[in-house]
Amino acid sequence: RGTMTVGEMAKSLHKDASEVIKKLLFLGVMATINQELDLDAIQLLAGDYNVEVELKIPVAEDRFETFEEIDDEADLIERPPVVTIMGHVDHGKTTLLDAIRKTSVTEGEAGGITQHIGAYQVETHNKKITFLDTPGHEAFTSMRSRGAQVTDITIIVVAADDGVMPQTIEAIAHAKAAKVPIIVAVNKIDKPDADPEKIKQALTEYELVPEEWGGDTIFCNISAKQRIGLDNLLDTILLVAEVQELKANPNKRARGTVIEAELDKGKGPVVRVLIQHGTLRVGDSFVAGVNFGRVRAMVNDKGKRLKEAGPSTPVEITGLTEVPQAGDPFICFEDERKARIIAEKRSVTLRQSEMGANVRVTLDDLYKHI
Ligand code: GDP
Ligand code: MG
């Protein structure tokens, strides 16, 4: 997918191409002046330079028709935050996700089989938090480049015995470009050579200044392995969520985003969806990307069958004929006929675009923020 070259990008940023190339290298992208940048690289750069990118994506616009309805303020209720964990490889993302999940398994649930559905929910102080356990980078790069915004809060994990690394910087750039609040989890504080203060210091260079130093970034010292500081981290998430005043209307047909999909030998196509608006019920007709279906069965992350699922709930659904893609919008319609028509229309649009018409992504304008 072509967009603009490094040279063109530099020009819009009023920067030297050499500087932009250097910056790209720093962000882990090797590029020459005439090279076309992909959307991801452009977003990274824009995030880094603190500029806003306006994307014109003709094909996607049609494919991503949202059928969005404007809600009455009075119909909105609080919804759980959706959290992604990002950070450099081996800094402890997987260990943290597992530790939080295990911490949350209450006595009553023990013995319940946890399902991998691409996301899970925990409850603390009678409030729910949804964690996406698809790799954070994927969730950001593939989903965001397709127009889906699923994350409310990003946790950036930095190992206290290591430091700020390329993927740490990339994660910061992504979160900033998406305007998603960041919580820094300084991990592995159990290690003898851990130096959390050094991490704090290093991150000030990326405009992540701790509250105690006059900034507005919350740092949490944790050990994912020894399960130290996890309650505090969960409390911090709730605190940040409260400030965001995350709300949704549960009383309308469901809309959400596909987080994973696959062909299961026994069940056929399964799709894992994060419900973002409305309430999904068994029997509902829906469109996921260019596919349509009817919810045959629905389970949550604990393997429990559900009859309905409200905002911020991740669910696994069967009842499709084909497998959609991660990042595809998921939208319910009043009946199967309508869903089928929409899905067919989208298939045609997609095929046309694949045949070459209008596939080029154009970057309309880049303007400076500061
Ligand atoms: P990821 O690549 O970010 O998902 O990192 P992993 O979760 O796979 O962790 C990488 C390694 O660091 C594994 O060997 C973990 O056991 C270890 N690790 C993760 N968290 C901690 C921690 O808090 N303390 C210590 N000592 N080791 C940790
Ligand atoms: Mg991992």
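What you see is a predicted model, and the numbers here were worked out from it, not measured in a lab.

A.B. asks: Could you give an account of the overall build of the protein chain, with specific residues and numbers?
C.D. replies: Looking only at helices and strands, the protein chain has ten helices and 20 strands in total. The 370 residues of the protein chain split such that 52% are buried. In the protein chain, once contacts between residues fewer than 6 apart in sequence are set aside, the share between residues at least 24 apart is 75%. For the protein chain, the computed accessible surface area is about 17900 Å², with 49% contributed by carbon and sulfur atoms.

A.B. asks: Describe in detail the confidence of the model for the protein chain, supporting the description with residues and values.
C.D. replies: Summary statistics for the protein chain give a mean pLDDT of 85 and a share of 84% for residues scoring 70 or more. Here residues 57–64 is a poorly scored stretch, pLDDT under 50, and it has 20 contacts once near neighbours within four places are set aside; other chains count. Ignoring residues within four places in sequence, the model shows residues 357–370, a span with pLDDT below 50, making 43 contacts including any to other chains. Interface confidence for the predicted complex, given as ipTM, is 0.99, next to a pTM of 0.80.

A.B. asks: Just give me the short version of the pairing of strand E18 (residues 314–320), but keep the residues and values in it.
C.D. replies: Along any regular strand the residues' side chains alternate between the sheet's two faces. Of all the seven residues making up E18, seven are buried; the element is thus mostly covered by neighbouring parts of the structure. When strand E13 (residues 268–277) meets E18, the two strands line up antiparallel, connected through five bridges. Bridge assignment links leucine 274 to a residue of E18, and that residue is proline 314. Where strand E16 (residues 291–299) meets E18, four bridges bridge the pair, whose relative direction is antiparallel. Its bridge partner lying in E18, valine 299 is registered against glutamate 316.

A.B. asks: Which residues make up the pattern of salt bridges, and what values do they have?
C.D. replies: Under the defined criterion, the tally for this structure stands at 22 salt bridges. The salt bridge partner of glutamate 212 is lysine 200, with a shortest N-O separation of 2.6 Å. Placement of the pair is glutamate 212 in the loop between helix H8 (196–203) and strand E10 (218–221) and lysine 200 in helix H8, with a sequence separation of twelve residues. Arginine 294 serves as the salt-bridge partner of glutamate 336, at 3.9 Å between the closest nitrogen and oxygen. You can see glutamate 336 sitting in helix H10 (residues 336–354) and its partner arginine 294 sitting in strand E16, a full 42 residues away along the chain. Each of Glu69, Asp71, Lys252, Arg253, Glu334 and Lys338 takes part in salt bridges that share partners, so that together they form one network.

A.B. asks: Which residues make up the site of ligand 1, and what values do they have?
C.D. replies: Close to ligand 1 lie 15 residues; Asp90, Lys93, Thr94, Thr95 and Asp190 are nearest. For ligand 1, an oxygen atom lies 3.0 Å from a polar atom in the backbone of glycine 92. Take asparagine 187: an N or O atom from its side chain is 3.0 Å from an oxygen atom of ligand 1. Across the complex, the protein chains shield 76% of the 580 Å² of accessible surface that ligand 1 would expose by itself. The greatest single-element share of the shell around ligand 1, amounting to three residues, is contributed by helix H5 (residues 93–104). Residues that form the shell around ligand 1 fall into these classes: two nonpolar, seven polar and six charged.

A.B. asks: Explain the nonpolar core to me, using residue names and the numbers behind them.
C.D. replies: Core analysis: the biggest nonpolar cluster contains 35 residues, and Val20, Leu24, Leu37, Leu45, Val184 and Leu203 have the highest contact counts within it. Broken down by secondary-structure element, the contributors of at least two residues to this core are helix H1 (6–13), helix H2 (17–26), helix H3 (39–49), strand E8 (153–159), helix H7 (166–177), strand E9 (182–187) and H8. With six residues, the top contributor of residues to this core is H3. Residue contacts for leucine 45: discarding those within four places in its chain leaves Met9, Val20, Lys23, Leu24, Leu27 and Leu37. Judged by nonpolar contacts, the second largest core, of 27 residues, contains Ala99, Val122, Ile183 and Ile218.

A.B. asks: Which residues make up the packing of H2 against H3, and what are the values?
C.D. replies: Packing of H2 against H3 leaves a shortest axis separation of 11 Å and a crossing angle of 105°. In this view, H2 runs roughly perpendicular relative to H3, as classed from their interaxial angle. Side by side, H2 and H3 meet where Glu19, Val20, Lys23 and Leu24 of the first sit next to Ala41, Leu45, Asp48 and Tyr49 of the second. Across the contact of H2 with H3, the residue classes tally to five nonpolar, no polar and three charged.

A.B. asks: Kindly report on the sheet that holds E16, identifying the contributing residues and their values.
C.D. replies: Reading around the circumference, E12-E13-E18-E16-E15-E19 is the order of the six strands in this closed barrel, with antiparallel pairing throughout. Sheet twist, expressed as the average angle between the axes of neighbouring strands with direction ignored, equals 45°.

A.B. asks: I'd like a rundown of the pairing of E9, residues and numbers included.
C.D. replies: A large share of E9 lies buried, amounting to six of its six residues. Burial along E9 is two-sided: Ile182, Val184 and Val186 and Ile183, Ala185 and Asn187, pointing in opposite directions, are all buried. In this fold, the crossover linking E8 to E9 by way of H7 has right-handed handedness. Two strands pair when backbone bridges link them, and E9 and E10 are joined in this way by four bridges, in the parallel orientation. When the bridges of E10 are listed, valine 186 appears paired with asparagine 221. As for the winding sense of the linkage, the β-α-β connection from E9 through H8 to E10 is right-handed.

The rules behind these values
- Residues numbered from 1 in each chain as written.
- Chains lettered and ligands numbered in written order.
- Predicted model: local features only at pLDDT ≥ 70, side-chain atom pairs only at ≥ 80, totals over all residues.
- Heavy atoms only, no water.
- Helix = DSSP H or I, 4+ residues; strand = E, 2+ residues; numbered from the N terminus.
- Buried < 20%, exposed > 50% of the residue type's maximum accessible area, 1.4 Å probe, protein only.
- Contact = heavy atoms within 4.5 Å.
- Areas by Shrake-Rupley, 256 points an atom, 1.4 Å probe, with all protein chains shown as cover.
- pLDDT = per-residue confidence, 0-100.
- Pairing = 2+ DSSP bridges.
- Salt bridge = Lys/Arg side-chain N within 4 Å of Asp/Glu carboxyl O.
- Near = heavy atom within 4 Å.
- Polar contact = N/O pair within 3.5 Å; in protein donor to acceptor, adjacent residues only side chain to side chain.
- Nonpolar A, V, L, I, M, F, W, Y, C, P; charged D, E, K, R; others polar.
- Core = buried A, V, L, I, M, F, W, Y, C linked by side-chain atoms within 4.5 Å.
- Axes fitted to C-alpha atoms, helices over the stretch in contact; angles between N-to-C directions.
- Parallel < 35°, antiparallel > 145°, perpendicular 65-115°, else oblique.
- Right-handed = clockwise from strand over helix to strand, strands pointing away.

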